Amino acid sequence: MRFFLYSSLIASLLSSSLACGSEWNVRDHIKLEDFVIQSHRGAGNLAPENSRETFDLAWSLGTIPEADLRTTKDGVIVAFHDKDFSRILPRASAEMKKKGVEDLTWKEVAALDIGAWKGPEFEGQRIPRIEEMFAQMNGKPGSRVYVDIKNVDLTQLARQSKEAKVDDRLILASTDYTLIREWKKLAPKSKTLHWMGGPEATLSKRLDALAVEGFEGIDQLQIHVKPTKDGFEPSPEFLRQTGITLRAHDILFQTLPWQSRDESLFYQLMDLGVASFATDFPDFTAKTVQRYYHKQ
């Protein structure tokens, strides 16, 4: 029944859009300087993940860095993605590799070199605590950050972001809709991004459930797009209709073209109404979006 409701909704919106004489065009509705590019895990594949240096790089490219947030053993919120240190600290002991941020104190976490694994030019980069990230933002007026919640007390995060006066520049990202709605109550000035991946049938069910709730609390929605030998999935028509639905609710439609540097794929997605990208290649993506805007 719910799938029928969602299908009926997008069909109705699609008919209304076509009746207007032309399909929605990214260039006609979003200025190039306002097109949002999220730099996955900080600056994608360009630099070590979640370091202060990486955040600066993402901002310098005109993109918004993502920070993955976890909490240390003694209650300090820091930016770090993985559950353990096995990938980021390849030379660590077997015992250390099994541990994660939650097993160490802030003093122990602060001593870790999380840049060396990426290359000698990145040696010495450290895991930042949330206060340091907020200080960086205050040093760059207008800068924004996506915060992907891994293991964080939302009340603590809301309090600290308000104290630093950056709560209105945070975009909380989560695949958990309940968490998003809770955050909106704690930090109503913040934006939110609800991300999701999986087969088209699974995505339809999730979008159906959100439609029943009127997409309450969601400012941006991200869908993972994966290239295939025949094109990409989910299908172009599914993405087109999803874009129509999200625009009807004033929600920014973002996709993550998974590990892709295919310019034609990005062009197709923008032609389908995608108005924002998350990417592991922020430099490539920024240039691709610029070329798309300037092409005839």
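Residues numbered from 1 in each chain as written. Predicted model: local features only at pLDDT ≥ 70, side-chain atom pairs only at ≥ 80, totals over all residues. Heavy atoms only, no water.

(A) Structural view of the overall build of the protein. When helices and strands are counted, the protein shows 12 helices and 10 strands. For 296 residues, the compact-globule estimate of 2.2 N^0.38 gives 19 Å, and the protein sits close to it at 20 Å. Along the longest, intermediate and shortest principal axes, the C-alpha atoms of the protein span 60 × 40 × 40 Å. Looking at the protein as a whole, 51% of its 296 residues are labelled buried. In the protein, of all internal contacts separated by at least 6 residues, the share reaching a separation of at least 24 is 63%. Counting only carbon and sulfur atoms, one obtains 50% of the accessible surface of the protein, whose full area is about 13800 Å². (Helix = DSSP H or I, 4+ residues; strand = E, 2+ residues; numbered from the N terminus. Rg over C-alpha atoms; globule rule 2.2 N^0.38 Å. Buried < 20%, exposed > 50% of the residue type's maximum accessible area, 1.4 Å probe, protein only. Contact = heavy atoms within 4.5 Å. Areas by Shrake-Rupley, 256 points an atom, 1.4 Å probe, with all protein chains shown as cover.)

(B) Structural view of the UniProt feature "domain: GP-PDE" (unreviewed entry) in the protein. On the UniProt side, "domain: GP-PDE" (unreviewed entry) is annotated at positions that read residues 35-289 here. Split by type, residues 35-289 is 36% helix and 21% strand. Its first and last C-alpha atoms lie 8 Å apart. (UniProt positions renumbered as here; feature names shortened; annotations may be inferred.)

(C) Representation of the environment of A209 in the model. Within the secondary structure, A209 sits in helix α9 (residues 200-212). Judged by relative accessible area, which is 30%, A209 ranks as partly exposed. Note: C-alpha distance between A209 and A43 (166 residues apart in sequence) is 32 Å.

(D) Inspection of empty space enclosed by the protein at higher detail. Counting across every chain of the model gives 2 cavities of 30 Å³ or more. Taken as a whole, the second largest cavity encloses approximately 30 Å³ of empty space. If you trace the second largest cavity, you find it lined by E49, F80, I88, I114 and W117. Here the lining of the second largest cavity is built from residues that sort into 4 nonpolar, no polar and 1 charged. (1 Å grid on protein atoms, 1.4 Å probe; cavity = no way out; pocket = protein on both sides within 12 Å on 5 of 7 lines; lining within 4 Å. Points joined across faces, edges and corners; volume = space filled by probe spheres on them. Nonpolar A, V, L, I, M, F, W, Y, C, P; charged D, E, K, R; others polar.)

(E) Highlighting the packing of helix α3 (residues 52-60) against helix α6 (residues 130-138). The interhelical angle for the contact between α3 and α6, taken along N-to-C directions, is 30°, at an axis separation of 11 Å. Here α3 is positioned roughly parallel relative to α6, judged by the angle of their axes. As α3 runs across α6, the sense of the crossing is right-handed. Contacts from R52, F55, D56 and W59 of α3 reach α6 at E132, M133, Q136 and M137. (Axes fitted to C-alpha atoms, helices over the stretch in contact; angles between N-to-C directions. Parallel < 35°, antiparallel > 145°, perpendicular 65-115°, else oblique. Left-handed = near helix turned anticlockwise from the far one by under 90°.)

(F) Layout of the environment of T245. Note on placement: T245 falls in helix α10 (residues 236-248). When the C-alpha atoms of T245 and L207 are compared, they prove to be 9.7 Å apart, with 38 residues separating the residues in sequence.

(G) Expanded view of the pairing of strand β10 (residues 276-279). Residues S276 and A278 point to one face of β10 and F277 and T279 to the other, with burial holding for every one of them. With 4 bridges joining them, strand β1 (residues 36-39) and β10 adopt parallel strand pairing. Opposite Q38, over in β10, you have A278 as the bridge partner. Taken together, strand β9 (residues 252-257), helix α11 (residues 263-271) and β10 form a β-α-β motif whose crossover is right-handed. (Pairing = 2+ DSSP bridges. Right-handed = clockwise from strand over helix to strand, strands pointing away.)

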